[in-house]
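Structural overview
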Amino acid sequence: MKTVTQELLTMLQEHHDGCSLYALHNILGVSTANIYQFSKGQYEMSADTLLIACDILGLDPRPWLIKVELTRCKSPKRRQILERILASLDSPETRAAVGFLAFFTVGFFVGY
C-alpha cells in the first residue's frame, strides 16, 4: 500500500511526463535524499512540500494534509475528528461549493 507521499510523487511524475525522482527534487525544492526517502515510504512530506506538490497538481491540499496527519496521529479522539473532517471534505455539498468558487474565481480573473 502506498503512503500519501508516494501517491503524490507518482502523480507528480505523471504530471511531468514520467520524470525521474531526481528531477522531482528540483521541482519540490527538497534534497535528493528526501525524495528517495519519500519514494521508499520512510517519511511523509512536510506540510510545506505537500502544499507545493498540491499546487503544482492543481489539487485541494486539505484532504492530503489531513491524510498525512492521520498517518502520524496516535490519539483516537484526534483521529476520529480528522476522519470526520476528511469525510466532510468529500461530501457532495463541499465538492459543489468548491466547484462554484473555482468557476467564480476563474470567471472573475478572466473578466467575464
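Quick note: structure is the one above.
Here's a quick rundown of the structure. Just so you know, these numbers come straight off a predicted model, no measurement behind them.

1. Comments concerning the overall build of the protein chain
- Within the protein chain one finds seven helices and zero strands.
- Helices and strands appear in the protein chain in the N-to-C order α-α-α-α-α-α-α.
- When burial is assessed residue by residue, the protein chain has 28% of its 112 residues classed as buried.
- Expressed as a percentage of contacts within the protein chain between residues at least 6 apart in sequence, the contacts between residues at least 24 apart total 45%.
- As displayed, the protein chain offers around 7,400 Å² of accessible surface, 60% of which is attributable to carbon and sulfur atoms.

2. Comments concerning the environment of His 15
- Turning to its location among the elements, His 15 is positioned in helix 1 (residues 4-15).
- Once the C-alpha coordinates of His 15 and Leu 57 are considered, the two residues, 42 residues apart in sequence, prove to be 7.2 Å apart.
- For His 15, the contacting residues outside a window of four places in its chain are Ile 56 and Leu 57.

3. Considering the environment of Leu 57
- Along the chain, the position of Leu 57 falls in helix 4 (residues 47-57).
- Under the relative-accessibility criterion, Leu 57 is labelled buried at 18%.
- Distance in space between the C-alpha atoms of Leu 57 and Leu 12 is 6.9 Å, their sequence separation being 45 residues.
- In this structure Leu 57 touches Leu 8, Met 11, Leu 12 and His 15, once residues within four positions along its chain are discounted.

4. Thoughts on helix 4
- Taken as a whole, helix 4 has its buried residues at Thr 49, Leu 50, Ala 53, Cys 54 and Leu 57. What you see down the axis of helix 4 is that its buried residues fit within an arc of 135 degrees, all on one side. Exposed residues lying more than 90 degrees from the buried face of helix 4 are Asp 48 and Asp 55.
- In this structure, the buried residues of helix 4 make contact with helix 1, helix 2 (21-28), helix 3 (32-39) and helix 5 (61-72).
- Of the residues flanking the end of helix 4, it is Gly 58, one or two places downstream, whose phi is positive at about 70 degrees.

5. A closer look at the packing of aromatic side chains
- Inspection of the entire model under this criterion finds zero aromatic pairs.
- Over the ring of Trp 64 we find Lys 67; its NZ or CZ atom is 4.5 Å from the centre of that ring.

Conventions we followed
Residues numbered from 1 in each chain as written. Predicted model: local features only at pLDDT ≥ 70, side-chain atom pairs only at ≥ 80, totals over all residues. Heavy atoms only, no water. Helix = DSSP H or I, 4+ residues; strand = E, 2+ residues; numbered from the N terminus. Buried < 20%, exposed > 50% of the residue type's maximum accessible area, 1.4 Å probe, protein only. Contact = heavy atoms within 4.5 Å. Areas by Shrake-Rupley, 256 points an atom, 1.4 Å probe, with all protein chains shown as cover. Arc of directions from axis to C-beta. Phe/Tyr/Trp six-rings, centres within 6.5 Å; stacked < 30°, edge-to-face > 60°. Lys NZ or Arg CZ within 6 Å of the ring centre and 35° of its normal.

So yeah, pure geometry; function would need other evidence.
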